[in-house]
Amino acid sequence: MTWILFAGFLGLMMLGVPVAVALGAGSLIYVWFDQSVPPLVVLHRMASGVDSFPLLAIPFFVMSGSLMNSAGITERIYSFATALVGWLKGGLGHVNVVGSVIFAGMSGTAVADAGGLGNIEIKAMKEHGYPLPFAVGLTGASATIGPIIPPSLPMVIYGVSANASVGQLFAAGLIPGLLMALTLMASVAWVAHVRGFDRDAAFRWARLGHTAKRAFLPMMTPVLLVGGMTSGAFTPTEAAIAATFYALILGMVVYRTLTFRGLMRVTMETIETTAVVLLIVAGASIFGWLITTTRVTEEVAGAVLSITDNPILVLLLVNILLLVVGCFLETIAAITILVPVLLPLMIAIGVDPVHFGIIMVLNLMIGLLTPPVGMVLYILARVSGLTFEQTTKACAPFLIPLFICLALVTFWPGMVLWLPTLIYR
């Protein structure tokens, strides 16, 4: 009977039904045919799925990123990054990456980075003579750093789905996120050498000091978040509230660049985004519960382990699966559907749930740059004026450094787990 559950979900998805509705309706179809579970359980499980304190972080992290964009804070970050690394060959390419690293500590989503800071980065690189495809591809790749460096919206969803510590996930993402930045900057340096890109700004201490002063308060956001969580001053959920309040103070009181009308627009965007995410979580809750109760997770683990019990080969197979899924499913939906299936398998081969969380999120971030459902591709196409196909082609070369990072994160667990072990264990 389990095939009815998956057939119902996939059939509805092929008909163009939204993923949240497909998850809930597919589960209801299975319950209707199975008769062993009352249909009312579907509603009960969906409601209990979103009744979670850590999920309160979602609207606040979304809102803090939107406030940073709307208040013009991204421009201050970009100016500081230009003064810091713009003097290198291929300067604005390095600025693109460093700016994303700084903004990653504020927004927690790749979409906010691509739509906010990405707009500034692409325009500046185009004006300085960089090929538009290079600017677009690098912007897309650097945007994927956002959900790896804390805070991270996908990690909150994974933490809830896997019953893992969100604080440990945030700590585990810091070193991989910086590794992604270094590999992308190495790629920029190589392209700059091959194509003869020049420096875009002379290094001046006075300019660095001036831009650092302008960007100092926004750059305190990640310090506030990480410092507060590691010291025990507040939980990751409370950190999201603190980040939103801090962004609100900066935009409306300190810089006075955020109007009441702008605040209302940001609030409505946050409500819409949060509603979509929570609907997916609710639908995936009943779907995941049915997968668990019907012992699909045990069957999947048994089937894979019957082929091989070599942890390296199993991780390789899981990475391939996640990369394929990332091409077709939105990040939040993929996490909530696959965690109940794959986590027992990972535990069976000795993979730490926190380590697997970083592996899963990084895979799905790469999926944001792959057709046909790569959200970052659609945003960059709209921002740059390129077609979707041109944007996809532009991002393709930058998948290479991301795959290198994925391999290191997957097969070097010590790098991922060192910081959370140091802080929390």
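See above for the structure.
Summary of the structure given here. Treat the numbers as computed from the prediction; the structure is a model and nothing was measured.

### A short note on the packing of aromatic side chains
Moving on, step 1. Within this structure, the stated rule accounts for eight aromatic pairs.
Moving on, step 2. When the ring of F134 is compared with that of F398, the centres are 5.8 Å apart and the planes differ by 50°; the resulting orientation is tilted. Of this pair, F134 sits in helix 8 (residues 132-143) while F398 sits in the loop between helix 19 (388-395) and helix 20 (399-411), and the two are 264 residues apart along the sequence.
Moving on, step 3. Taking relative accessible area as the criterion, F134 reaches 5% and is therefore assigned buried.
Moving on, step 4. Taken together through their ring pairs, the aromatic side chains of Y130, F134, F197 and F398 make up a single cluster.

### With respect to helix 20
Moving on, step 1. Its 13 residues place the ends of helix 20 18 Å apart at the C-alpha level, agreeing with the 18 Å of an ideal helix rising 1.5 Å per residue.
Moving on, step 2. Turning to helix 20, the residues buried within the fold contact helix 8, helix 10 (166-195), helix 15 (311-328), helix 17 (353-367), helix 19 and helix 21 (413-424).

### Re a nonpolar patch on the surface
Moving on, step 1. Together, F216, L217, F245, I249, M252, V253 and V254 make up a nonpolar patch on the protein surface, roughly 590 Å² of accessible area in all.
Moving on, step 2. If you list the elements that add at least two residues to the nonpolar patch, you get helix 11 (205-231) and helix 12 (236-254).
Moving on, step 3. The biggest single contributor to the nonpolar patch is helix 12, with five residues.
Moving on, step 4. One can find M252 in helix 12.

### Section: the pattern of salt bridges
Moving on, step 1. One pass over the full model with this rule turns up two salt bridges.
Moving on, step 2. A salt bridge links R214 to E75; the shortest N-O distance between them is 3.2 Å. In this pair, R214 is assigned in helix 11 and E75 in helix 5 (residues 73-85), connecting sequence segments 139 residues apart.
Moving on, step 3. Given a relative accessible area of 24%, R214 falls into the partly exposed group.
Moving on, step 4. According to the relative accessible area criterion, E75 is partly exposed, its value standing at 34%.
Moving on, step 5. Between E269 and R265 there is a salt bridge, with the nearest N and O atoms lying 3.2 Å from each other. One end of the pair, E269, and the other, R265, are both in helix 13 (residues 260-293), four residues apart, so they sit about a helical turn from each other.
Moving on, step 6. Note on R265: relative accessible area 43%, which makes it partly exposed.

### Description of the packing of helix 10 against helix 20
Moving on, step 1. Put simply, helix 10 and helix 20 touch, their axes get as near as 9 Å, and they point 145° apart. Of the two possible hands of crossing, helix 10 and helix 20 adopt the one that is right-handed. Residue-level contacts link P176, L179, M180, T183, L184 and S187 of helix 10 to P401, L402, C405, L408 and V409 of helix 20.
Moving on, step 2. Per-class residue counts for the contact of helix 10 with helix 20 are nine nonpolar, two polar and no charged.

### Considering helix 8
Moving on, step 1. Spanning twelve residues, helix 8 covers 16 Å between terminal C-alpha atoms, matching the ideal 16 Å at 1.5 Å per step.
Moving on, step 2. Taken across its twelve residues, helix 8 has eleven buried, putting it largely inside the fold.
Moving on, step 3. Of the positions making up helix 8, those classed as buried are L132, F134, A135, V136, G137, L138, T139, G140, A141, S142 and A143.

### Observations regarding the side chain of N96
Moving on, step 1. Along the chain, N96 falls in helix 6 (residues 91-107).
Moving on, step 2. Within the local environment of N96, its side chain forms a polar contact with the side chain of T139, the two groups lying 2.9 Å apart.

### Quick notes on unusual backbone geometry
Moving on, step 1. Cis geometry marks the peptide bond from P150 to P151, where omega comes out at 0°.
Moving on, step 2. Backbone geometry places N163, a non-glycine residue, at a positive phi of 55°.
Moving on, step 3. Along the chain, N163 turns up in the loop between helix 9 (153-162) and helix 10.
Moving on, step 4. Taking the relative accessible area as the measure of exposure, N163 reaches 73% and is therefore exposed.

Definitions and cut-offs
Residues numbered from 1 in each chain as written. Predicted model: local features only at pLDDT ≥ 70, side-chain atom pairs only at ≥ 80, totals over all residues. Heavy atoms only, no water. Phe/Tyr/Trp six-rings, centres within 6.5 Å; stacked < 30°, edge-to-face > 60°. Helix = DSSP H or I, 4+ residues; strand = E, 2+ residues; numbered from the N terminus. Buried < 20%, exposed > 50% of the residue type's maximum accessible area, 1.4 Å probe, protein only. Expected span 1.5 Å × (residues − 1). Contact = heavy atoms within 4.5 Å. Patch = residues over 30% accessible without salt bridge, like charges linked within 9 Å, V, L, I, M, F, W, Y side chains within 5 Å. Areas by Shrake-Rupley, 256 points an atom, 1.4 Å probe, with all protein chains shown as cover. Salt bridge = Lys/Arg side-chain N within 4 Å of Asp/Glu carboxyl O. Axes fitted to C-alpha atoms, helices over the stretch in contact; angles between N-to-C directions. Left-handed = near helix turned anticlockwise from the far one by under 90°. Nonpolar A, V, L, I, M, F, W, Y, C, P; charged D, E, K, R; others polar. Polar contact = N/O pair within 3.5 Å; in protein donor to acceptor, adjacent residues only side chain to side chain.

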